[in-house]
Structures are given as C-alpha cells and as structure tokens.
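Report on the structure
Now for the letters of each chain:
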Amino acid sequence: MAVVVSSNANAPAFEAKLTVYVFICVVIAAFGGLIFGYDIGISGGVTAMDDFLKEFFPAVWERKKHAHENNYCKYDNQFLQLFTSSLYLAALVASFFASAVCSKLGRKPTMQFASIFFLIGVGLTAGAVNLIMLIFGRILLGFGVGFGNQAVPLFLSEIAPAQLRGGLNIVFQLMVTIGILIANLVNYFTSTVHPYGWRIALGGAAIPAVILLLGSLIICETPTSLIERNKNEEGKEALRKIRGVEDINEEYESIVHACDIASQVKDPFRKLLKPASRPPFIIGMLLQLFQQFTGINAIMFYAPVLFQTVGFGSDAALLSAVITGTINVLSTFVGIYLVDKTGRRFLLLQSSVHMLICQLIIGIILAKDLGKTGTLGKPEALVVVVFVCVYVMGFAWSWGPLGWLIPSETFPLETRSAGFAVAVSCNMFFTFVIAQAFLSMLCGMRSGIFFFFSAWIIVMGLFALFFIPETKGVAIDDMRDSVWKPHWFWKRYMLDEDDVEKRN
C-alpha cells in the first residue's frame, strides 16, 4: 500500500512504499555499522586477554598479575590505548577521502572500498607478529570505518521514504549495537582458547566485511547520487524501483532541482562556512562531540576492564559485557520504533536526564566504596552493573543513533557529502580522544571520571533543548524552509545570498 510523504502543508507530497528491495538494501548497507560495532566491542575484550597482553604489551601483563594492583591504573599504557584509538584516528583522515569518493563515484562504490580496507586490516591484525603490524592493521580498519561511516548513513537517508527515514537510518546504529554484542560473545568464548583466542576474535571482523562486499553488488545506487552525476535516466529508474510506485515525477523533479543547485557549488567545503550552512554544520559537529562525551564508548570499549575494576573476574567481566551488549541491541529497537513517532528532540531530552542519573549513581558508588586496591562488595558491584545497563538503554535509543541520523538528513545536497564527512571526522576525532585518554583518565580521576561525563550530559541536554530543531517527517531536501527558517535561533543564518551580499 502506498503512503503519502509530506513534510508540511506547503511541501510537496511524495508517494512511496516500503518495498522488500529497499529493506534488503538497508540491511546489507547497515553491515557497515556491524563491522564498526564489532571493532568497538572487540578491542576491550582483546586488551583484557592475557595471551594478547603477553604477546604485545608484556609490561601491562606484568602489572596486571600483581596481587595488589591499583584498580584504576592497571591498564594505563599509551601503546595499549593506541591499539584501540589508532583505528579512529585513521578513520578521521579517511572520511575526507571518502567524501570525495562518495560524490564522484557514488555511495555504493564507497561501501565497496570500505569492505576491501576492512578485509586487509583484518588479515594484518589477526596475523600480527609484532606491534607495528598490529597497529598498521588497525589503521587500515580505520580507513574501512571512515569509508563505511561516510557512505552508509547517507545511503540510508537517501533511499528511505521521509516518514520512515528515522527508523530506517537507525538500522545502521542497530547493526553497530549487534556488532558490539557479537564481539562481546566472541570475546567471552575465545578468552579460554589459548594462546591464539585473540587472533580468532580479531579475525571475526572478516565475516561482515565479506557480506558487505558481496551484498553491495546487488544493491542499487541512490537516485540522488545517480542524478548528481548526470545519470538522470538511471536515477529515475532507481527511484521508481525503491519507491515501488509509478508516479515518482514530483520527487524526481525535486531531486533534479536539488542537484542543479548542488552543481553550482564548486567547493562544498568552503560552502560549509557560509552563514546558511552553519546550523547543520554546527549541530553536526557538536552532536559528535556530545555523543562521545556521554561516556558511552568509554564504557563499551572497556566494559570487560571496567567490570574487572569493580571486582568481577575475567570471565565474569566478559559475560557482564555481553549482558550490556544485549541491552544495547534491544534498546535500539525502541529508538527505531519511537524516532518517527515522538521525534528526535524528545528522545535526546529524555535520555539526557536518564543518563545523567545513571552516571551520578555509578560515580557515587565507586567514590564511596572502591579504593585503589581491593574490590567492591557484591551488592555494590551488582548495582554498578545494573546502572551501566540502564545507562546503555538510554544512549541506545537516543544519542547513539541520532548522532548519525540528524547530520545525515539535515545538510542540503550541495554540502551533504562534505558536511557529513566533517561530522564523521569529528566523531572519529572525539572517539580517538576518548579511546586514547580513557584509561589514563580512569587512573588519574578514578571515580571522578563519571562526574566528568555527567557534567557533559548536562551541557548536551541544554543544547538539545534550545538549539536542536525537530526534523521528524520533513523531506530531506526541504529542511531549509521547514526546519531552519522557522527556528528561533538558526533563522538569522537563513538569508538569501543576495541579502548576505547586501549586508556585506
């Protein structure tokens, strides 16, 4: 049955169905998110495995096995953190190359490049015989993440009908959470496989990479990308195929119009600095900062380490991480269901309060009951695990998926690829900062690290309240008129170029 997509009373209405083919395209493309999630989850488990530490980080292993080790500092090693964080620094650099590939060759080839980088990186990390080979493999995995995270959210936003765009785009984040869960399960079972369990764990990323590579051969390119590259007839056929209806002329003309405007922009990165580009540009960058400074990746990277810190044994810690991973996946379904019903702003605001309470309770318990040595009592440790899980729930239906969704849907076509590249690079930069600094911060700040993230949650909640507009149901090329111009703050930047020139 066809549905009518309408952003507001004055916007054009577009007929569309959610076809089986679009659903298949969404699932295949979202495997890029699964690989990203797997890499997030696998790092913390592998860095807690004794065989891995003995092979590459013997100093950390020696410190870890001491009877009276410092709970907060036993994993503090810059090279160990570099193993995790090098991927995100590489992804930051790769996202700018990926932006050019996305624009010149399309979303589909960019995903194929991502798969190839992943496969080569997996081979190097799983087969590593020294630290240089291990880090170089992580860097290539980072290039895969940069290319995949650039292409997949754009692909999903461009093929989705407007009234389902939020839910379909969040499938990317759903696959990230599934990747984290699978990684936690793999960590749990390979931790007892000596001495090469870590090689199996790192090599597991090859499976989703192969699925993405082969699957990308059967999915279509987005109509917007085809028309943007002057393949209008192919774009029209692709639009008819993904919408499942014959009457696609209005939407087709809307895309052609957007592409005509985009073709006049020769330097999209410079265009991002123009006043009219500032609202999505600023929000896109700050969402990435806020997403990482919720503290989520600190918990997901190092969940096994964190649970060992509060007194769980190695296997129990990995099992606890599996539990949080499962909650992460299930809670993302809540986001998929609610994002196009309650809207983006409600989820951001609700979860800010939700996560703040959890971080404060965890910080208070650790400050009160966990010293430099010893462990938490069993009741206190269980309370920490429960509130970590509740915290993960809040993130999984809000700042996690919306950090990718909102930037992918708010940039106009002429700056969409460039703007999203900046958002991805910001995400990778702040992820790198957290990954590289978290264990040192944990060592220096101890339980205070949770109060540090709590302060950031207050800031981001206030930003969402005053500066993030609602984009639910708005056609992707209608954001300027329907979202930015009516907004109390951002409307001041929505001036025509002629007005800007007059002002100057």
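Preceding this section is the structure that the text describes.
Before going into details, it helps to say that this report is about the structure given with it.

About the thresholds
Residue indices follow the written sequence of each chain, beginning from 1 at its first position. At least 70 in pLDDT is required for a residue's local features to be given in this predicted model, at least 80 for side-chain atom pairs to be given and counted, and no such filter applies to totals for whole chains, interfaces and linings, which use all residues. Water and hydrogen atoms play no part in the side-chain values, which are based on all heavy atoms of the structure. Starting at the N terminus, helices and strands are each numbered in turn, a helix being any DSSP run of H or I of at least four residues and a strand any DSSP run of E of at least two. We call a residue buried when its accessible area falls under 20% of the maximum for its residue type, exposed when it is over 50%, and partly exposed in between, using a 1.4 Å probe and counting protein chains only. In this description, contact between two residues means that some pair of their heavy atoms is separated by no more than 4.5 Å. Per-residue and other accessible areas were derived by the Shrake-Rupley procedure at a 1.4 Å probe size, with only the shown protein chains allowed to occlude residues. Each Phe, Tyr or Trp ring (for Trp, its six-membered ring) is paired with any other whose centre lies within 6.5 Å, and the angle between the two planes then decides the class: stacked below 30 degrees, edge-to-face above 60, tilted in between. Any Lys NZ or Arg CZ that is within 6 Å of a ring centre and within 35 degrees of that ring's normal is treated as a charge sitting over the ring. To obtain each axis, a line is fitted to C-alpha atoms, and for helices this fit is confined to the stretch in contact; angles are then taken between N-to-C directions over 0 to 180 degrees. To sort the angles, those under 35 degrees are grouped as roughly parallel, those over 145 as roughly antiparallel, those from 65 to 115 as roughly perpendicular, and the leftovers as oblique. Each crossing gets its hand from how the near helix is turned against the far one by less than a right angle, where anticlockwise is left-handed and clockwise is right-handed. Note on residue classes: Ala, Val, Leu, Ile, Met, Phe, Trp, Tyr, Cys and Pro are nonpolar, Asp, Glu, Lys and Arg are charged, and everything else, Gly too, is polar.

Looking now at the overall build of the chain. Each helix and strand counted, the chain has 25 helices and two strands in total. For the chain, with 504 residues in total, the buried portion stands at 60%. Considering only residue pairs separated by 6 or more positions, the chain has 80% of its internal contacts joining residues 24 or more positions apart. Here the chain displays about 18,800 Å² of accessible surface, and carbon together with sulfur accounts for 66% of that area.

Before going further, it helps to examine the packing of aromatic side chains. The tally for this structure, following the rule as stated, stands at 28 aromatic pairs. Relative to Phe-489, the ring of Phe-467 lies with its centre 5.1 Å away and its plane at 80°, an arrangement referred to as edge-to-face. Here Phe-467, found in helix 23 (residues 448-467), pairs with Phe-489, found in the loop between helix 24 (479-484) and helix 25 (497-503); they are 22 residues apart in sequence, far enough to count as distant. Residue placement shows Lys-236 over the ring face of Tyr-252; its charged tip is 5.0 Å from the ring centre. Here the basic side chain of Lys-241 rests over the ring of Tyr-21, its NZ or CZ set 4.3 Å away from the ring centre.

Interaxial distance between helix 8 (residues 165-190) and helix 21 (residues 399-410) falls to 9 Å at its minimum, and their mutual angle equals 125°. With respect to each other, helix 8 and helix 21 are oriented oblique. Seen from above, helix 8 lies across helix 21 with right-handed handedness. Of helix 21, the residues touching helix 8 (which contributes Arg-165, Gly-166, Asn-169, Ile-170, Phe-172 and Gln-173) are Gly-400, Pro-401, Trp-404, Leu-405, Ser-408 and Glu-409. Of the residues contributing to the contact of helix 8 with helix 21, the split by class is five nonpolar, five polar and two charged.

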